[in-house]
Amino acid sequence: MAAVQDWSAMPGFQPYQSQSSTRSVVPKSQPATANSAPHHRTASDVSLSSQSQPDDTVGIGRNDSSVSATSQTWLPLHGVGASVPQEDGTDAVAHENAQPASHAAKASSPGSSYRWSSFHQPPPTASFPRRPKPSPMQFEERELYSYGSPAGSSQSAFSPRNQYQHSRTDSQARLITPTISDWARTPRSPPPYISGLPRLKKWWQWRPAWVMYIFLLFGFCCALGHHLFYASLHGRIADNQLAMLRYGTILSFAAKAGFVAAVVTAFRQRLWVTVRNKLLSVGALDSLFAATDDLSALWNIEVYQKARLAMLLAALVWLTPLVIILTSNTLLVELVENVNPTLCPGVRTLNFSGDELEDFRKPTTIDGLFGLAINYWNSTSINQSAPEWYDYYTGPSDLFQATASLGIFSHQVIGAKNSSLDICGSGWNCTYTVNFVAPGYKCTEQASGVGAQVRDLGAHKAPFGTDVLLPAGNFSYIAYTSGGDYATAQLKDVWPGGMPKNMTPPFPPNLGVFRTEPLLWVGYAVRVNPGETPNNNTIPGWDSAFVPKIFACENYETAYTVDFKYEGQDQFTTVTKRDFLYPVLDTAFVPGKDANDGTNDNTTATPENNYVRPYPMSDMSTVRRYRRVATFHSIGLMLRNVINGTMTSNPISNPVTNTKALQTKLLDPRQQFFPYTNLQGLVQELFEDIILTLFSNYRLVSLVWAAKPWETTGDLKGNDTTLYPCTKSRWENRFKYIARDLWIVYSCAFLCAVVAVVLGTAAVLSNEGRLYDTRFSSIVAATRGPALEKVMWKEDRGDLPPDVRNLRVGYGLIHRASTLGVVVDDTRYPERGVWEGGEIRYGFGLEGDVRQLRNEGSLFRARS
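This one's a predicted model, so the numbers in the text were calculated from it and none came from an experiment.

Conventions used here
Residues numbered from 1 in each chain as written. Predicted model: local features only at pLDDT ≥ 70, side-chain atom pairs only at ≥ 80, totals over all residues. Heavy atoms only, no water. Helix = DSSP H or I, 4+ residues; strand = E, 2+ residues; numbered from the N terminus. Contact = heavy atoms within 4.5 Å. Areas by Shrake-Rupley, 256 points an atom, 1.4 Å probe, with all protein chains shown as cover. pLDDT = per-residue confidence, 0-100. Axes fitted to C-alpha atoms, helices over the stretch in contact; angles between N-to-C directions. Parallel < 35°, antiparallel > 145°, perpendicular 65-115°, else oblique. Left-handed = near helix turned anticlockwise from the far one by under 90°. Salt bridge = Lys/Arg side-chain N within 4 Å of Asp/Glu carboxyl O. Buried < 20%, exposed > 50% of the residue type's maximum accessible area, 1.4 Å probe, protein only. Phe/Tyr/Trp six-rings, centres within 6.5 Å; stacked < 30°, edge-to-face > 60°. Lys NZ or Arg CZ within 6 Å of the ring centre and 35° of its normal. Disulfide = S-S within 2.5 Å. Patch = residues over 30% accessible without salt bridge, like charges linked within 9 Å, V, L, I, M, F, W, Y side chains within 5 Å. UniProt positions renumbered as here; feature names shortened; annotations may be inferred. Nonpolar A, V, L, I, M, F, W, Y, C, P; charged D, E, K, R; others polar. Expected span 1.5 Å × (residues − 1). Core = buried A, V, L, I, M, F, W, Y, C linked by side-chain atoms within 4.5 Å. Pairing = 2+ DSSP bridges.

Further remarks concern the overall build of the protein. Scanning the protein from N- to C-terminus turns up 16 helices and 30 strands. Here the contacts in the protein between residues at least 6 apart in sequence split such that 77% fall between residues at least 24 apart. With the model as given, the accessible surface of the protein reaches about 40,500 Å², and the carbon-plus-sulfur share is 55%.

Per-residue confidence for the protein gives a mean pLDDT of 75, with 69% of residues at or over 70. Per-residue pLDDT stays below 50 along residues 1–133; that stretch engages in 237 contacts with residues further than four places along the chain or on separate chains.

Direction vectors running N to C along helix α4 (residues 241–277) and helix α7 (residues 308–319) enclose 160 degrees, while the axes themselves pass 9 Å from each other. One finds that α4 runs roughly antiparallel with respect to α7. Helix-helix and strand crossings are classified by hand; for α4 and α7 the assignment is left-handed. Residues Val260, Val263, Val264, Ala266, Phe267, Arg270 and Leu271 of α4 form the contact with α7, whose own contacting residues are Leu309, Ala310, Leu313, Ala314, Leu316 and Val317.

Let us look at the pattern of salt bridges. Per the counting criterion, the structure on display carries 24 salt bridges. Linking Glu445 and Lys549 is a salt bridge whose minimum nitrogen-to-oxygen distance equals 3.9 Å. A residue pair is termed long-range when its members are at least 10 positions apart, and Glu445 in strand β12 (residues 429–448) and Lys549 in strand β15 (residues 546–567) qualify at 104 residues. By relative accessible area, Lys549 is classed as buried at 18%. Linking Glu711 and Lys708 is a salt bridge whose minimum nitrogen-to-oxygen distance equals 3.0 Å. Its relative accessible area of 30% is what places Glu711 among the partly exposed residues. Through salt bridges that share partners, Glu356, Glu557, Arg624, Arg625 and Arg628 make up one connected network.

Let us look at the packing of aromatic side chains. Each aromatic ring pair is described using two quantities: the centre-to-centre distance and the angle formed by the ring planes. All chains considered together, the criterion is met by 26 aromatic pairs. Here Trp377 and Tyr626 contribute two aromatic rings whose centre-to-centre distance is 6.1 Å and whose plane-to-plane angle is 45 degrees, an arrangement assigned as tilted. Here Trp377 is found in strand β10 (residues 375–379), whereas its partner Tyr626 is found in helix α12 (residues 620–643), with 249 residues between them in sequence. Here Trp377 and Tyr626 have matching classes, each one buried. Within the aromatic cluster, the residues linked to one another by ring pairs are Tyr432, Phe436, Tyr560, Phe564, Tyr566 and Phe695. Here the basic side chain of Arg348 rests over the ring of Tyr698, its NZ or CZ set 3.5 Å away from the ring centre. Positioned over the ring face of Trp377 is Arg627, at 5.1 Å from the centre of the ring.

Applying the stated criterion across every chain yields a total of three disulfides. The disulfide that involves Cys344 links it to Cys726, with 1.8 Å between the sulfurs. Sign of the S-S torsion, about 70 degrees for the bond between Cys344 and Cys726, identifies this disulfide as right-handed. Of this pair, Cys344 sits in strand β6 (residues 331–344) while Cys726 sits in strand β24 (residues 724–737); the two residues are 382 residues apart in sequence, bridging distant segments of the chain. Residues Cys344 and Cys726 agree in their burial class; the two are buried. Here Cys424 is linked by a disulfide to Cys430, with a sulfur-sulfur distance of 1.7 Å. Here the S-S torsion is close to -55 degrees, and the disulfide linking Cys424 with Cys430 is therefore left-handed. Using a relative accessible area of 0% as the deciding quantity, one classes Cys430 as buried. Ordinal numbering of bonded cysteines along the protein defines a disulfide pattern of 1-6, 2-3, 4-5. Sulfur of Cys221: no disulfide; nearest cysteine sulfur belongs to Cys222 and is 7.0 Å away.

This next bit is on a nonpolar patch on the surface. On the surface, a cluster of nonpolar side chains totalling about 350 Å² of accessible area is made up of Leu217, Phe220, Leu224 and Leu228. Tracing the chain through its elements places Leu228 in helix α3 (residues 211–233).

The next subject is the environment of Leu470. Topologically, Leu470 is positioned in the loop between β12 and β13 (475–480). Note on Leu470: relative accessible area 0%, which makes it buried. Expressed as a C-alpha distance, the spacing of Leu470 and Asn537, which sit 67 residues apart in the sequence, is 9.2 Å. Residues within four places of Leu470 in sequence aside, it is in contact with Phe475, Ser476, Ala525, Trp542, Phe546, Pro548, Ser649, Asn650 and Phe674.

In this section: the UniProt feature "transmembrane region" (unreviewed entry) in the protein. In the numbering used here, UniProt assigns the "transmembrane region" (unreviewed entry) feature to residues 209–229, 249–267, 309–332 and 743–765. A helix fraction of 100% and a strand fraction of 0% characterise residues 249–267, whose end C-alpha atoms lie 26 Å from each other. Spanning residues 743–765, this segment combines 100% helix with 0% strand, and its end C-alpha atoms are found 32 Å apart.

Where α12 contacts helix α13 (residues 679–693), the axes come no closer than 10 Å and their chain directions differ by 130 degrees. Taken together, α12 and α13 sit at an angle that is classed as oblique. As for the relative orientation of α12 and α13, their crossing is right-handed in sense. Residues Ile635, Gly636, Met638, Leu639 and Ile643 of α12 form the contact with α13, whose participating residues are Val683, Leu686, Phe687, Ile690 and Ile691. Across the contact of α12 with α13, the residue classes break down as nine nonpolar, one polar and no charged.

In the segment running from Pro505 into Pro506, the intervening peptide bond is cis, with an omega of 5 degrees. Residue Pro616 follows Tyr615 across a cis peptide bond; omega there is 0 degrees. By secondary structure assignment, the location of Pro616 is in the loop between β18 (605–606) and α12. Look at Asn502: it is not a glycine, yet its phi comes out positive at around 60 degrees. Considering the arrangement of structural elements, one finds Asn502 in the loop between β13 and β14 (520–527).

The subject of this paragraph is the side chain of Thr349. Relative to the helices and strands, Thr349 is located in strand β7 (residues 348–350). Those residues in contact with Thr349 that lie beyond four places of it in its chain are Val434, Asn435, Phe436, Phe695, Ser702, Leu703, Val704, Trp705 and Ala706.

Taking 1.5 Å per residue as the helical rise, α12 with its 24 residues ought to reach 34 Å, and the 35 Å between its terminal C-alpha atoms agrees with that figure. Among the 24 residues of α12, 18 are classified as buried, and the element is accordingly described as predominantly covered. The first or second residue beyond α12 is Gly645, which carries a positive phi of 135 degrees.

This part is about the nonpolar core. Membership of the largest hydrophobic core comes to 79 residues, with the highest contact counts inside it found for Phe436 and Tyr477. The element that contributes the greatest number of residues to this core is α12, accounting for eleven residues. Phe259, Val745, Ala756 and Val791 belong to the second largest nonpolar core, which has 62 residues in total.

Take Glu688: it is sitting in helix α13. Note on Glu688: relative accessible area 7%, which makes it buried. Among all residues touching Glu688, those that are not within four sequence positions of it are Tyr560, Val575 and Arg578.

This part is about the pairing of β24. One ladder, built from 14 bridges, connects β6 with β24; its direction is antiparallel. Along β24, the bridge assignment pairs Thr342 with Cys726. Relative to β24, β12 runs antiparallel, the two being bridged by three bridges. Residue pairing across strands places Cys430 opposite Lys728, the latter belonging to β24.

Here it is as structure tokens:
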């Protein structure tokens, strides 16, 4: 037996008035059973029309407008096995399918009619409180046949617990179209559910609930695509920057859209879980339904109290657009030096074999231009077949002197015009390293300090001492570079071209012979305290204000390793290595001793067998050796002629110069032209400037391709046959992808979306395994009917009244009466609402008009 409900506790229940006349709800054509008991209602419960039916029956097919809204009351069914009294006084026990199906169909036809038996009367002493306004229901009166079941039937939408445990009332289907039962049954027994069970879907078949996962996967794929796209741009030249950033923004927006769609879908499921389980005020419902698209909806306090998870998902929807903003800063453009080891076509080097083999009578011609030799030559005879004929050195050529002077007086190495374009190519910088053998001065310090003794350099004696330098002497700088120098005019009387005049062979044996190579003897004074140096030797402190130094330099054949670097049109050279091989001429000058050998050159040097002679011309090794020494002598001569001389600095304020060194980088103009303190190194560097400046004159016969050192370059441009290893570089705008920042942003967005999907999945399970939406049709289906029509929703000005805004509303099973005004709850299946009309409807209703139920479902066994 079912427990008897305390009806006095029901809100709005009104007491029944005792009446003498009752009507039976059992049709006359239906036979009464012995165990039946009547289901009574008093006459006050249903107010009949003043014009009654002729046969005292209520016409089922018409609307009886006299049914009082205040008289409609929920009554409990008797317990299982209860009897219903019939007209003949017998009781009939309701059995499952006791009434034939054909009779049920007939009873449900519009033309059928029934009589009412006497109604159950509650105790007359019961007292029931009145329901506060607005009343929970304003029942609408409908024709009973539209519900599809005969009056008096207590039909329940059934889901057998033992056969279909995980799926209960299909509220989604009720949301759109209420289901009408197709069978009639007694209140005790469930309908034949075998034919009414929905078809089950296989787990691999499509289900709307999977859309959340598809959106999540779509967002992740777009994020991954964004990463791969930016990774492909990393390090590339930043051309078409605007288009690349736009493509990245599209992928970022697509990823954001996927994550937002997943979160919004999960939010909607949480929304329906909330309204199905909680009663919220109308204002809170407004904010909840508008939380994802109306920022002002987020300011409602109640919605945070009643729907925390849903509002958390709404907040994620508003925060997700930050993905687009934050990921846009993960692709940058930075200035990067692009270093590319490659081959350059126009790299040149020095090979003085060209001067060793050059014949001024048959000059080298390249691209219509004569090649330039470093030396000028004289000859002893016009007849080259004469036994006394040979060529001998005269001096450096004028074009060579012009080229060397650029390196001397420019204070830097001079490069060829457009050499960077020829070697590196347009828009590129480049570096390369060349090796060659050229002359080089090897310098060593021979004395330092006042009164210091000058040491000899091998067999060479110093031409002066420290006493000529400050403070003992007057010179701040002195250089002697001509001791034993080759005499340009070897004979006093010669014909043009250097042929001896008034002289018959044999010629003097030392004519044109290199007897020695002059050394550089350089002395200079270093100021101890430049800012406090006395002006002249009459001022105290003069003797301690200077440190005299002397060094000597000898001309060596030197192996150079030089780095060339071009930046734009500028050339920079660095001698990274110099190996002094051997002296250009290994003899020692004997000062003060004249040779008296019939030439105009009275130089005497020892040993004599180390002299370098220009003959015989038939011996090419001798000729080449002679011409090589002559070339190195000419290059050294350019330096010696410039640095030779003196600088008098007493008084300091009025220096007197007798040297071209004033025009070089050896003397400091900011220190009254005193020599730089590192003068020894500067002399070597100045000589190297002369040598490296030779690279600027492509017509020199000693300038060759680095890739083909036997071939003179002339003024030609390099090609594929002259490629030489080099390293090109240039500063470029390149894309820089900061993958860490992008994945931090996307990881946060993806994690939030995953949390939202998990919450949405739980909501779907609570919503019977179905995916709910907030479309117009769904909202209309959930709010249609009389449950909400009794509320005055808008005032004249269109605003929602405050009292309406505070009404509590929920979603669930709507309490709706049939034309009899009776709605019965089936106590056997408490999750089902049983209406006398046979219709089950879910929707929104005011508090007291709706029953909220918890339901279970499955993503993989959802109802179709």
